[in-house]
Amino acid sequence: MCRWAAYIGQPCYLEDVVTRPDHSLIQQSIQATECKTATNADGFGVAWYNTRPEPGLYRDTYPAWSDPNLRSLTAQVQSGLFLAHVRASTGTATSRNNCHPFSVGRWSFMHNGQVGGFDTFRRRADMLIPDQLYHERKGATDSEILFLLGLVEGLDDDPKGAMEIAVGVLQRMSRDKGHTPHMRVGAAFSDGETLYAIRYASDDRAPTVYHRWSKSRGGRAVVSEPLAANEADWHAVPPGSFCTFKADQVRIEPFRPLA
């Protein structure tokens, strides 16, 4: 599994989420506390938005704790919306193209979870991506396919509906050709204006997602596990939820993949 953290609000340095907290994403890459895999060393990535509609993107295959360039970048770059991820592979190669976040145009996407037995139907899943979008299929992960299917199904116009279709399609494929757990999703994604998150599973073990508003910073962190143990105001997102975060506004709705 993986760990991730996202932020939306008044611009802050990326290090305020990625490296500086007691249980920062860097620390979670060494010793996560709320996932099956405590060490997340199969690469990392950061996507951030500034004055252009497309996100900046920095990804590499090193463990996040060992890359001095990541610490330097997060100490210098400010953003009002960014996503960061540390990876623990569920079977695909450790390569830059398999590191999250993924980006296409103005969209960025990152994921913690799995699609059961994806290797047994990966070719069928790849065939669902139309020719005009298939050049964006750079890696081999189920996460990237989930993102691209969301784009195919209308992420620009209806993010929740598009992801309910995309998750439903892959869940059906897993039930037909794969194995349990058929679907586990803890995901965050953005179009540069709004931050979205999903917590869902086909069983009772949905990957954790939390959010917290900081009055002093004027922004919200959305994470796979809290960034500090001494902060009691982290809110757990219920399983089966689709979240929309914009400025200080939060909307949490039921997430029901199409059967």
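These figures come from a predicted structure and were not determined experimentally.

Caption draft 1: Expanded view of the sheet that holds strand E7 (residues 183-190). Across the sheet, 6 strands lie side by side as E5-E6-E7-E8-E12-E13; this open sheet has antiparallel pairing. Of all strands in the sheet, those with a lone pairing partner are strand E5 (102-104) and strand E13 (249-254), marking the two edges. Strand after strand, the sheet turns through a mean of 15° between neighbouring axes, direction not considered. Here strand E12 (residues 241-246) pairs with E13 via 6 bridges, running antiparallel. Counterpart to Phe245 in the pairing with E13 is Val250. Helix H6 (residues 142-152) rests against E5, strand E6 (107-115) and E7 of the sheet, and its axis sits at about 130° to E6. Across the sheet, helix H7 (residues 159-177) lies against E6, E7, strand E8 (195-201), E12 and E13, angled at about 150° from E7, the strand it touches most.

Caption draft 2: Geometry of the pattern of salt bridges. Per the stated rule, a full pass over the model turns up 16 salt bridges. A salt bridge links Asp60 to Arg96; the nearest nitrogen and oxygen atoms lie 3.1 Å apart. On the criterion of sequence distance, the pair formed by Asp60 in strand E3 (residues 56-60) and Arg96 in the loop between strand E4 (78-86) and E5 is long-range, its members being 36 residues apart. In this structure, Glu253 engages Arg251 in a salt bridge whose closest nitrogen and oxygen atoms are separated by 3.3 Å. Residue class for Glu253 comes out partly exposed when judged on its relative accessible area of 26%. Taken together, the shared-partner salt bridges connect Glu15, Asp16, Arg20 and Arg217 into one network.

Caption draft 3: Highlighting the packing of helix H4 (residues 118-126) against H7. Interaxial distance between H4 and H7 falls to 10 Å at its minimum, and their mutual angle equals 135°. Between H4 and H7, the crossing angle belongs to the class labelled oblique. For the crossing formed where H4 meets H7, the hand is right-handed. In contact with Thr120, Phe121, Arg124 and Ala125 of H4, H7 contributes Leu170, Met173, Ser174, Asp176 and Lys177. Of the residues in the contact of H4 with H7, the class split is 4 nonpolar, 2 polar and 3 charged.

Caption draft 4: The arrangement of the packing of aromatic side chains in detail. All chains considered together, the criterion is met by 12 aromatic pairs. Geometrically, the ring pair formed by Phe242 and Phe255 is stacked, given 6.3 Å between the ring centres and 15° between the ring planes. Linking Phe242 in strand E12 with Phe255 in the segment after E13, this pair joins segments that are 13 residues apart in sequence.

Caption draft 5: Here's a closer look at the side chain of Ser108. Along the polypeptide, Ser108 turns up in strand E6. Polar contacts involving the side chain of Ser108 include one to the side chain of Tyr49, which spans 2.9 Å. When near neighbours in sequence (up to four residues on either side) are disregarded, Ser108 contacts Ala47, Tyr49, Pro55, Leu83, Phe102, Ser103, Ala188, Phe189 and Ser190.

Caption draft 6: Representation of unusual backbone geometry in the model. Note that the residue after His100, namely Pro101, is joined by a cis bond; omega there is -5°. Looking at the element boundaries, Pro101 is found in the loop between E4 and E5. Residue Thr180 is joined to Pro181 through a cis peptide bond whose omega torsion reads -10°. As for its position among the elements, Pro181 is in the loop between H7 and E7.

Caption draft 7: Inspection of the nonpolar core at higher detail. Among the nonpolar cores identified, the biggest contains 33 residues, and Leu170 and Phe189 are the most heavily contacted of them. It is H7 that contributes the most residues to this core, 7 residues altogether. Leaving out residues up to four positions away in the same chain, Leu170 has contacts with Val115, Phe121, Ala125, Asp142, Ile145, Leu146, Leu149 and Met183. Membership of the second largest hydrophobic core comes to 24 residues, among which are Tyr7, Ile26, Leu70 and Leu73.

Rules of the game
Residues numbered from 1 in each chain as written. Predicted model: local features only at pLDDT ≥ 70, side-chain atom pairs only at ≥ 80, totals over all residues. Heavy atoms only, no water. Pairing = 2+ DSSP bridges. Helix = DSSP H or I, 4+ residues; strand = E, 2+ residues; numbered from the N terminus. Axes fitted to C-alpha atoms, helices over the stretch in contact; angles between N-to-C directions. Contact = heavy atoms within 4.5 Å. Salt bridge = Lys/Arg side-chain N within 4 Å of Asp/Glu carboxyl O. Buried < 20%, exposed > 50% of the residue type's maximum accessible area, 1.4 Å probe, protein only. Parallel < 35°, antiparallel > 145°, perpendicular 65-115°, else oblique. Left-handed = near helix turned anticlockwise from the far one by under 90°. Nonpolar A, V, L, I, M, F, W, Y, C, P; charged D, E, K, R; others polar. Phe/Tyr/Trp six-rings, centres within 6.5 Å; stacked < 30°, edge-to-face > 60°. Polar contact = N/O pair within 3.5 Å; in protein donor to acceptor, adjacent residues only side chain to side chain. Core = buried A, V, L, I, M, F, W, Y, C linked by side-chain atoms within 4.5 Å.

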